[in-house]
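# Tertiary structure, described
Spelled out, the chains give:
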Amino acid sequence: MAAAELMIDLYRRMRRVRSAEARVLRGLAAGEFAFSHWPVEGQEAISAGAMAALGPDDRIITTYRGLGDVVARGIPLGPYFAELLGRSGGLSKGKAGAMGVSDPERGLMWATGIVGAGAPIANGFALASQIRGDGRVTLASFGDGATSIGFVHEAMNMAAAWSLPIVFLCQNNHWAEHTPVDAYAKNTRLSDRAVALGMAGETIDGKDPLVVHDAIAAAAARARSGGGPAFVEAVAYRLQGHYFGDGMAYVDPEELAAARAADPFDAFRRRLVDDAIAGRDILDALDAEVQAEVDEAIEFALASPGPSTDELYVDVYESRRDDGSRAVPAREVTALPEGPVEELGLVGAINRTLDRAMARDESIVLLGEDIADPAGGLFKVTDGLSTKYGTARVRATPIAESAIVGAAIGAAMAGLRPVAELMFMDFVGVCLDQIANHAAKIRYMSGGRQHAPMVIRTAVGVSSGPQHSQAVEPWLMNVPGLKVVWPSTSADAVGLLNACLEDPDPCVFIESMALFFGGGRSAVPMADFTIPLGRADVKRPGSDATVVTYGPTVMGAMAVAEELAAEGIQIEVVDLRSLVPLDLDTVLESVAKTRRLVVAHESPQFCGPGAEIAAAVGRELFGELAAPIARVGGAHTPIARAAELEYAARPNPARIAAALRAVCA
Amino acid sequence: MPKPGDAITEAVLLEFYVADGANVAEGEPLYRLETEKVELDIPAPVGGTVTHVAEAGLEYSVGALLATID
């Protein structure tokens, strides 16, 4: 682009941002509409310069303070404004609002309302580009406040370590919400953080769009050609409050007045005229054209109706589930295939399944700590896979769970099929934002335009103490958009993992350490097979009482059933296999027959999955039950290192047997 | 049989490095074991005369007695 042409292009982008925001602020002030808005006035040059420097195939991840990036990227203003207003004509049908604006067809892949959380996801897009060699660059845009949060540090370290084609654009507007840079950071030259992490870093004048353009263009070119990521800190000054309605009482009035007098938009307009790039008449005409576009877009948004409540359950999962988690009603028998079998523990079964899946599906990539050879994973689950499929597809990651899950999310959104490993389920807490606020919500917040089909594999430890032995599946069951799967046998692990690897929604696949090796060694058909999610399995038929359970507790329940059979009590053992979707039909069918129910699970009984199941059975079979429903869950305690306390805390066979005897008495 | 890893419940005694009835010094390799994760040499915890209890090539549960040292 010729220099003059570029200057006009930059002006047009800044003008659109300024005019769009002015119209929004006017409407908010007049009470014409109401929504939360986080102003960008003063930062237009950063968005305009950055967006002008990127190509149409490049990708952008921005934040809740995203109006500048969105409008400068050229996203259609009508659907954008409609999204801000929560209307059906919005980019996401009004489901996301200003905090979650995306338009994947135009390269605006994601925006987040969680400070800094977009950076790990941006890495995933860049990772997909690197694996595919598609020449695309991803820009992660965020504010200076985000440089304080772990997400950004984790993401920058991973990007540098892997030379990902990504540019981190820090829009330093001087304020982290209401707190100035020098009050929250000792080193206020934020680009120094890039140097510390081993990537190019520079601090530039964010009030000059040409400077920003050139810096981002250079960083993008370097990243595109394999030169690794860069961190560009563009410094400007936020001329409005943190949000519309913020009176800026915390700002020195003189400082603000000086910043407003040096308004980058006005300065750039004067420069075009002074340098004879464009006459005032040309700019006036351009201004009028933009104003007409903005006015028309606001009219479009205001005329767009709110979404029908029929939309409520749409885009949570790929298949609509009106009651949240129940399985779709189709019920087919899911017998394991006939033929020869091999004896495998859970580790062997999962390794075999991943191996075969990677051989047939090139989009599968594995991410996790230590998973590449020679380590092959802490428990050898991925042993041999990096040797066979390469370290591009089997990536040993930094010890940074948010970066791992975020990279998986972005890669999934870019069309890969990532399998992220969280070494222990306790670490879900380390990256719960990426799982619950992002992976689970991609489909909904994008109004069904995007999704993140991925598998998170994680282990529940035994004998590993309070921070490596917890079952926290109820946390995840409570997150709409996630599926939660917990096999009880090696054969089920094969079939269920295959189902997760083909599922359109993010799946958490839970592995019991107790079953990893000899403790779980059992027959697995040599042939490959899939077990659909949402199909419970009657592991043992019986007529006197039903035990509903899952995971390693199934083994205990089976032993108890054997023991009680000797006393003439016939127990039916129902293995749920997946918690979301939840096969209540099989549970109800069983309890309708036996009229007695014990629900058992490792996670704490209080507010655990057993409560949900008991409520459903109580509702559906009220009057049919011969005894009150009993629950045998984990104690409401941490899991102690001491074996005696761990045994007492778990739903051990003695407790299950006692509960069954009680309901059968 | 020791527990070389939280998930390990059993391991194979691959071979004794010290013959039945022979002497071993503390810290010398006594036998080699194999789990599904690793192969590992185990040193003699004390010096003395070794009496084999377990048989090389077989799998033993964690806690099983493999040999005595007198």
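Basis of the calculations
Residues numbered from 1 in each chain as written. Chains lettered and ligands numbered in written order. Predicted model: local features only at pLDDT ≥ 70, side-chain atom pairs only at ≥ 80, totals over all residues. Pairing = 2+ DSSP bridges. Helix = DSSP H or I, 4+ residues; strand = E, 2+ residues; numbered from the N terminus. Axes fitted to C-alpha atoms, helices over the stretch in contact; angles between N-to-C directions. Buried ≥ 20, exposed ≤ 12 C-beta atoms within 10 Å, placed from the backbone. Contact = placed C-beta atoms within 7 Å.

Let us now look at the sheet that holds strand S1 (residues 59–63) of chain A. All names here are of chain A. Judged by pairing direction, the sheet is parallel, and its six strands sit side by side in the order S2-S1-S3-S4-S8-S7 without closing on themselves. Looking at strand neighbours, the two that pair on one side only are strand S2 (108–112) and strand S7 (200–205), the edges of this open sheet. Sheet twist, expressed as the average angle between the axes of neighbouring strands with direction ignored, equals 15°. When S1 meets strand S3 (residues 138–143), the two strands line up parallel, connected through three bridges. By the bridge assignment, Ile 61 is partnered in S3 with Ala 140.

Moving on, we come to the sheet that holds strand S7 (residues 67–69) of chain B. Residues and elements named next belong to chain B. Pairing in this open sheet of three strands is antiparallel, and the strands run S2-S5-S7 from one edge to the other. Edge positions in the sheet fall to strand S2 (23–24) and S7, since each of these pairs with one other strand and no more. For S2 and strand S5 (residues 48–52), the ladder comprises two bridges, and the chain directions are antiparallel. Considered in S5, the bridge of Val 24 is made with Gly 48.

All names here are of chain A. Residue placement: Ala 126 occurs in helix H5 (residues 118–132). Assessed through the 32 C-beta atoms surrounding it within 10 Å, Ala 126 is described here as buried. Ignoring anything within four residues of it in the chain, the contact list for Ala 126 reads Thr 138, Ala 159, Leu 164, Pro 165 and Ile 166.

A separate point is unusual backbone geometry. Note on backbone geometry: most residues besides glycine have negative phi, and most peptide bonds are trans. All names here are of chain A. Asp 373 connects to Pro 374 through a cis peptide bond whose omega is 10°. Among the structural elements, Pro 374 can be located in the loop between strand S10 (364–368) and helix H14 (385–389). The linkage connecting Val 580 with the following residue, Pro 581, adopts the cis geometry, with an omega of 0°. Examined against the element boundaries, Pro 581 turns out to sit in the loop between strand S20 (578–580) and helix H21 (584–594). One non-glycine residue, Ser 163, lies in positive phi territory at about 50°. Structurally, Ser 163 can be placed in the loop between helix H6 (150–162) and strand S4 (166–172). Its 16 C-beta neighbours within 10 Å are what place Ser 163 among the partly exposed residues. Even without a glycine there, the phi angle at Glu 177 is positive, about 60°. Judged by the 16 C-beta atoms lying within 10 Å of it, Glu 177 falls in the partly exposed class.

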